[in-house]
Amino acid sequence: MLAFRYADGVVMAGDRRATAGNVIAHRRVQKVFAADGFSAVAISGTAGIAIELVRLFQTELEHYEKLEGRRLSLVGKANYLAAMVRSHLPMAYQGLVVIPIYCGFDEQERAGRLYSYDVVGGSYEETDYATEGSGGRDARLYLRTAFRPALAEGAAIDLAVAALVAAAEEDIGTGGPDLRREIYPNVVTVSASGFAEVADERVATAARSAMERSS
């Protein structure tokens, strides 16, 4: 999974493969979620625990907004997620690790921002891009050479999919686009207009182009 800043905000993408050891356990797992109307979270690690953490995070943000009549600041949301990751540390010691990436549109600064985390809940704001998961290293290597600041939205979507395709070619735990089964990465954008999912048809077009270039 990966996220990076583009001209209007942040794009986030995740593949759909879940593994159990060296076996493909699921091919259609969702790894990218809306946290609220102006932020998104992607998960890596133990799938069941990670999805439960996301649901709790969504609920807490919604609860805060209802009580206070306003959204928590983006930095506040990032810090709250850090505390939630930290609270899972005893489970991480047992091998049940969850590490997210968080991004959103800062309504005060009028810019996209993104955060990476470590297993003990450390939160780190990234200036350009962040990757995580088994294919994160390969996706980062691709972004290191291909990323450009202030990309237009279309170019950002193409780059996100291309980076996942590159990671899937090197890492067995990362699922590349499956054109035959019509399984494509989850890709979302977060901008001044809020959270938006990129349609499968658009992701499929980007996937075909990326796979043709890499073949």
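Residues numbered from 1 in each chain as written. Predicted model: local features only at pLDDT ≥ 70, side-chain atom pairs only at ≥ 80, totals over all residues. Heavy atoms only, no water.

A.B. asks: Would you take a moment to explain the packing of aromatic side chains for this structure?
C.D. replies: Taken as a whole, this structure holds four aromatic pairs when the rule is applied. With centroids separated by 5.6 Å and ring planes inclined at 65 degrees, the aromatic side chains of Y129 and F147 adopt a geometry described as edge-to-face. One end of the pair, Y129, is in strand β10 (residues 129-131); the other, F147, is in the loop between α4 (136-146) and α5 (153-170), with 18 residues separating them in the sequence. Just as Y129 is buried, F147 falls in that class too. Members of the aromatic cluster, each reached through a chain of ring pairs, are F4, Y129 and F147. (Phe/Tyr/Trp six-rings, centres within 6.5 Å; stacked < 30°, edge-to-face > 60°. Helix = DSSP H or I, 4+ residues; strand = E, 2+ residues; numbered from the N terminus. Buried < 20%, exposed > 50% of the residue type's maximum accessible area, 1.4 Å probe, protein only.)

A.B. asks: Please explain the packing of α5 against helix α6 (residues 200-214) as it appears in this structure.
C.D. replies: The angle between the axes and the distance between the axes are what describe a pair of packed helices. Remark: α5 packs on α6, axes separated minimally by 9 Å, with the N-to-C direction vectors making an angle of 55 degrees. Judged by the inter-axis angle, α5 sits oblique to α6. Pair α5 / α6 crosses with right-handed handedness. On the side of α5, the interface is formed by G154, I157, D158, V161, A162, V165 and E169, while α6 contributes R202, V203, A206, A207, A210, M211, R213 and S214. The residue makeup of the contact of α5 with α6, split by class, is nine nonpolar, two polar and four charged. (Axes fitted to C-alpha atoms, helices over the stretch in contact; angles between N-to-C directions. Parallel < 35°, antiparallel > 145°, perpendicular 65-115°, else oblique. Left-handed = near helix turned anticlockwise from the far one by under 90°. Contact = heavy atoms within 4.5 Å. Nonpolar A, V, L, I, M, F, W, Y, C, P; charged D, E, K, R; others polar.)

A.B. asks: Any chance you could explain the sheet that holds strand β6 (residues 39-45) here in plain terms?
C.D. replies: Strand pairing in a sheet takes place through backbone hydrogen bonds and is either antiparallel or parallel in direction. In space, the five strands of this open sheet follow the order β5-β6-β7-β8-β9, with antiparallel pairing throughout. Bordering the open sheet on either side are β5 (32-36) and β9 (123-126), each of which pairs with just one other strand. Neighbour-to-neighbour, the strand axes of this sheet turn through a mean angle of 25 degrees, independent of strand direction. One ladder, built from four bridges, connects strand β8 (residues 111-117) with β9; its direction is antiparallel. Bridging across to β9, Y115 finds its partner in E125. Helix α1 (residues 47-68) rests against β5, β6 and β7 (98-106) of the sheet, and its axis sits at about 20 degrees to β5. (Pairing = 2+ DSSP bridges.)

All we've got here are geometric facts, nothing functional implied.
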